[in-house]
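Residues per chain, in single letters:
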Amino acid sequence: MPAFIFQTDRGPVSIAISKLIVAGWTGRNAAVVQHHIEELAELGVPAPSTVPLYYQLGPELLTQAPVITALGPATSGEVEPLIVADEDGALWLGLASDHTDRALETISVAKSKQACPKPIAQTLWRFDSVSANLDDLILSAHILEQGKAGWTQYQTGTLAAIKPLAELLSALPGGRLAPGAALLCGTLPALGGIRTATDFRMTLQDPASGRTITHQYQIATLPIIS
């Protein structure tokens, strides 16, 4: 199982992650979620069997590397809150990108998520240190697009747009995140539509404390050879 070193307010912490869950369709506004499902259906993306939906993925997809490899040009990132349970069951909050194969998504959303690495930041906050003001935390992402100069804002918003994280946790088997498991908690709409990029930069900000978690990665695209 992959083990990661995270920077925390208690110093470096090593956490081995043996299970990865990606929560999808986690928007707090049900009407907006349904509208998004209908939009994607027009593009050929299958509707979810239930909302929210918990995808089970291989933990080896998680990476802190500055460069990921993707097969083909039709992949893109999604900034998401990350919750990690350490071996003692204590919860930590971090930052991740649910990088996804958009071409494969029209065939199977689950397969499209399993097809790409999931970049995660190297910093974690104790979950109980931010649990009182989770809705105020700000998620944002910027991208570098092929042929365009400078960073473009791709996503932005607060966690108030996502179902309460405690609610997502309580819906898991046993009503909690098992020790050694990681949960990606859903994302925000893409400004200007979902599209590919050469580089992805994401941020989680806590206005109350002034703390920020950031991570940036580059996408190396492999040709599809048939």
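Visitor: I keep staring at the pattern of salt bridges and nothing clicks. Help me out?
Guide: Where charged atoms from two side chains of opposite charge approach closely, those side chains can pair. Summed over all chains, the structure comprises 11 salt bridges. A salt bridge links Glu145 to Lys148; the nearest nitrogen and oxygen atoms lie 3.7 Å apart. The partner of Glu145 in a salt bridge is Arg195, and the shortest N-O contact between them spans 3.0 Å. Of the two residues, Glu145 is situated in the loop between strand S13 (138-144) and strand S14 (152-158) and Arg195 in the loop between strand S15 (181-184) and strand S16 (199-206); the sequence distance between them amounts to 50 residues. Take Glu145: its relative accessible area is 11%, and that puts it in the buried class. Beyond isolated ion pairs, a larger network of salt bridges with shared partners links Asp9, Arg126 and Asp128.

Visitor: Sorry if this is basic, but what is going on with the sheet that holds strand S4 (residues 53-57) here?
Guide: Strand-to-strand pairing in sheets goes through backbone hydrogen bonds, with the strands running parallel or antiparallel. Pairing is mixed across the open sheet formed by six strands, whose spatial order is S4-S3-S15-S8-S9-S12. If you trace the sheet from one side to the other, it starts and ends with S4 and strand S12 (125-126), each paired once.

Visitor: Sorry if this is basic, but what is going on with the pairing of strand S3 (residues 19-24) here?
Guide: When a strand is regular, its side chains alternate between the sheet's two faces. Burial runs high along S3: five of the six residues are buried. Strand direction decides the pairing type here: S3 and S15, joined by four bridges, are parallel. Counted as the bridge partner of Ile21 is Leu183 from S15. As paired strands, S3 and S4 are joined by five bridges and run antiparallel to one another. Directly across from Ala23, in S4, lies its bridge partner Tyr54.

Visitor: Which parts of the structure should I look at to understand the packing of aromatic side chains?
Guide: In this description, a pair of aromatic rings is defined by centroid distance and the angle of the planes. Going through the model one piece at a time under the given rule, you end up with three aromatic pairs. On the numbers, 6.2 Å between centres and 45 degrees between planes, the contact of Phe4 with Phe6 is tilted. Overall, Phe6 belongs to the buried group, its relative accessible area being 0%. Both rings, one in Phe200 and one in Tyr217, keep their centres 5.4 Å apart while their planes meet at 35 degrees; by these two values the pair is tilted. Taken as a pair, Phe200 in strand S16 and Tyr217 in strand S17 (residues 211-222) lie far apart in primary sequence, 17 residues in all. In terms of burial, Phe200 and Tyr217 fall into one category: buried. Ring-pair connections join several aromatic residues into one group, and the members of that group are Tyr154, Phe200 and Tyr217. Here the guanidinium or amino end of Arg201 rests over the ring plane of Trp151, the centre of that ring lying 4.2 Å away.

Conventions and cut-offs
- Residues numbered from 1 in each chain as written.
- Predicted model: local features only at pLDDT ≥ 70, side-chain atom pairs only at ≥ 80, totals over all residues.
- Heavy atoms only, no water.
- Salt bridge = Lys/Arg side-chain N within 4 Å of Asp/Glu carboxyl O.
- Helix = DSSP H or I, 4+ residues; strand = E, 2+ residues; numbered from the N terminus.
- Buried < 20%, exposed > 50% of the residue type's maximum accessible area, 1.4 Å probe, protein only.
- Pairing = 2+ DSSP bridges.
- Phe/Tyr/Trp six-rings, centres within 6.5 Å; stacked < 30°, edge-to-face > 60°.
- Lys NZ or Arg CZ within 6 Å of the ring centre and 35° of its normal.

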